[in-house]
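Now for the letters of each chain:
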Amino acid sequence: MSDESQPSEPPQGMPGPPQPGQQPTPEQIQQMQRQLAIEAEKHGMSVPEYINKLKQQAMQQHQAQMRQQQQQQQQQQQQPIQPGPPKPEAIAVANFLKSQDLKPRTVIHDEKRKDMFRVKRAIRALMSPAYQKARAKNTLLPDVNDRTTAENTFKMLPLSLLALRVSKIDPETAHEGHAHAKPKRVKGLWTVRIEQHQEANDDCYYIWLYEGSQWKMKLYAGGALAGIMAVVLFPLWPLFMRQGVWYLSMGMLGLIGLFFAMAIVRLILFVITLFAAPPGLWLYPNLFEDVGFFDSFRPVWAWQETLEDIKNKKRAKKEKKAAKLAAKAAANGKPSKAKKGGVSPLPEPATPVPAPTNIESAPQPTGSEAAPPSGAVTQRPPRATVEEADDDE
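As the structure is a prediction and not an experimental result, all values here were calculated from the model.

I would appreciate a short explanation of the UniProt feature "transmembrane region" (unreviewed entry) in the protein in the present structure.
Sequence positions flagged by UniProt for "transmembrane region" (unreviewed entry) are, in local numbering, residues 219-240 and 246-277. In residues 219-240, the share of helix is 73% and the share of strand is 0%. The end C-alpha atoms are 28 Å apart. Structurally, residues 246-277 is divided into 97% helix and 0% strand, and its ends, taken at the C-alpha atoms, are 45 Å apart.

Help me out: how do you make sense of a nonpolar patch on the surface in this one?
On the surface, a nonpolar cluster with roughly 900 Å² of combined accessible area is contributed by W246, Y247, M250, L253, I256, F259, F260 and F288. Tracing the backbone through its elements, the reader meets F260 in helix 9 (residues 239-276). We classify F260 as exposed; its relative accessible area is 52%.

I'm lost on the packing of helix 3 (residues 88-99) against helix 4 (residues 119-126) in this one. Help?
Helix-helix packing is described using two parameters, namely the angle between the two axes and the distance between the axes. As a packed pair, helix 3 and helix 4 sit with axes 10 Å apart at the nearest point and diverge in direction by 105 degrees. Put simply, helix 3 runs roughly perpendicular to helix 4. For the pair helix 3 and helix 4, contact is made by V93, F96 and L97 and by A122, A125 and L126, respectively. Looking at the contact of helix 3 with helix 4, its residues break down into six nonpolar, no polar and no charged.

How should helix 8 (residues 215-232) be read in this particular structure?
In an α-helix, one turn spans 3.6 residues, which is why side chains three or four residues apart end up on the same side. For helix 8, spanning 18 residues, the distance from its first C-alpha to its last is 26 Å, which sits close to the expected 26 Å at 1.5 Å a residue. Judged by how many residues are buried, helix 8 sits mostly at the surface: zero of 18 residues are covered.

Explain the packing of helix 4 against helix 6 (residues 147-154) to me, please; I cannot follow it from the model alone.
In the contact formed by helix 4 and helix 6, the axes pass within 9 Å of each other and the chain directions differ by 115 degrees. Judged by the inter-axis angle, helix 4 sits roughly perpendicular to helix 6. By crossing handedness, the relation of helix 4 to helix 6 is classed as right-handed. Taking contact as the criterion, the partners of V119, A122, I123 and L126 in helix 4 are, on helix 6, R147, A150, E151, T153 and F154.

The rules behind these values
Residues numbered from 1 in each chain as written. Predicted model: local features only at pLDDT ≥ 70, side-chain atom pairs only at ≥ 80, totals over all residues. Heavy atoms only, no water. UniProt positions renumbered as here; feature names shortened; annotations may be inferred. Helix = DSSP H or I, 4+ residues; strand = E, 2+ residues; numbered from the N terminus. Patch = residues over 30% accessible without salt bridge, like charges linked within 9 Å, V, L, I, M, F, W, Y side chains within 5 Å. Areas by Shrake-Rupley, 256 points an atom, 1.4 Å probe, with all protein chains shown as cover. Salt bridge = Lys/Arg side-chain N within 4 Å of Asp/Glu carboxyl O. Buried < 20%, exposed > 50% of the residue type's maximum accessible area, 1.4 Å probe, protein only. Axes fitted to C-alpha atoms, helices over the stretch in contact; angles between N-to-C directions. Parallel < 35°, antiparallel > 145°, perpendicular 65-115°, else oblique. Contact = heavy atoms within 4.5 Å. Nonpolar A, V, L, I, M, F, W, Y, C, P; charged D, E, K, R; others polar. Expected span 1.5 Å × (residues − 1). Left-handed = near helix turned anticlockwise from the far one by under 90°.

Right, dumping it as structure tokens:
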């Protein structure tokens, strides 16, 4: 730039430019007007034209700055987050916690099933003697001496994206803005979302993103591939192997037919006893229940549950839970509070009522004992089913 474009210092006796935040004096305003007139004359413009040109230049500079900022923001948004590989220490902690009984619960996250656990159980596992034994074998596990070091060790999981804190949400609100239909809510199955703040409080819930070693999955995939190849090459099998498969298939068909015959027989027996000896007798009452294979055939028979039996079972379950809460409160030194409409944790003992002399109590049926003598009134036992374990969360 030439010396003419540089701002000239005001001569002595002339007022200088106003200071920032200070209102200009009339002499300073006149000086600025004369300076604008000189600059406009240099560019061959009038003063209003020169002022408009300065405004346009300032507007263009502002727009250019705004466009540059928007481009930078778009680049930052489009740039994917690339988390680094998890630390070996965090993987060791995750492997140890997955081997412990944290009482995980299946939840739905991003339309996928994940295992959720509570922080207090993870902290309890890190402070247990089992962790010290595992640390003696694996030097990658950090040292845990107190609650603070246990929390710091647990925080390695969210830092390495192995487990993240979640909270329960409504499944209907989780699909707002999506074109597909709302999923049907499954009772007892939470729908969760990841929280922004990852904390390590006892009441926080985390889901596993770390799936552990994949050698089992690879082994299953190899076995499935070998099975498919074996089925495809079935015509090339030796004769004795093909005959063995044929006998095995006939045996499986016989078992399936026997199962259907058993289901029909037990239904017919129930319909007959429903009218002959209400409320009806079931053969293998747990046959279609959600239990194990051997539990499906235990007990051999049982009476049909009535509404009174269901109420008694719920009442006994509430009493058991209330007694458990009362014992826990007594251990912590806090008074227990009974819930509204619930059962008192410490019920008063009832006065025993003498049984009538003309009624004989029959022994509990086991399916193989002889029937009670005629004329005797038997007490029907409740239906024997496999009850779910109480959730102590």
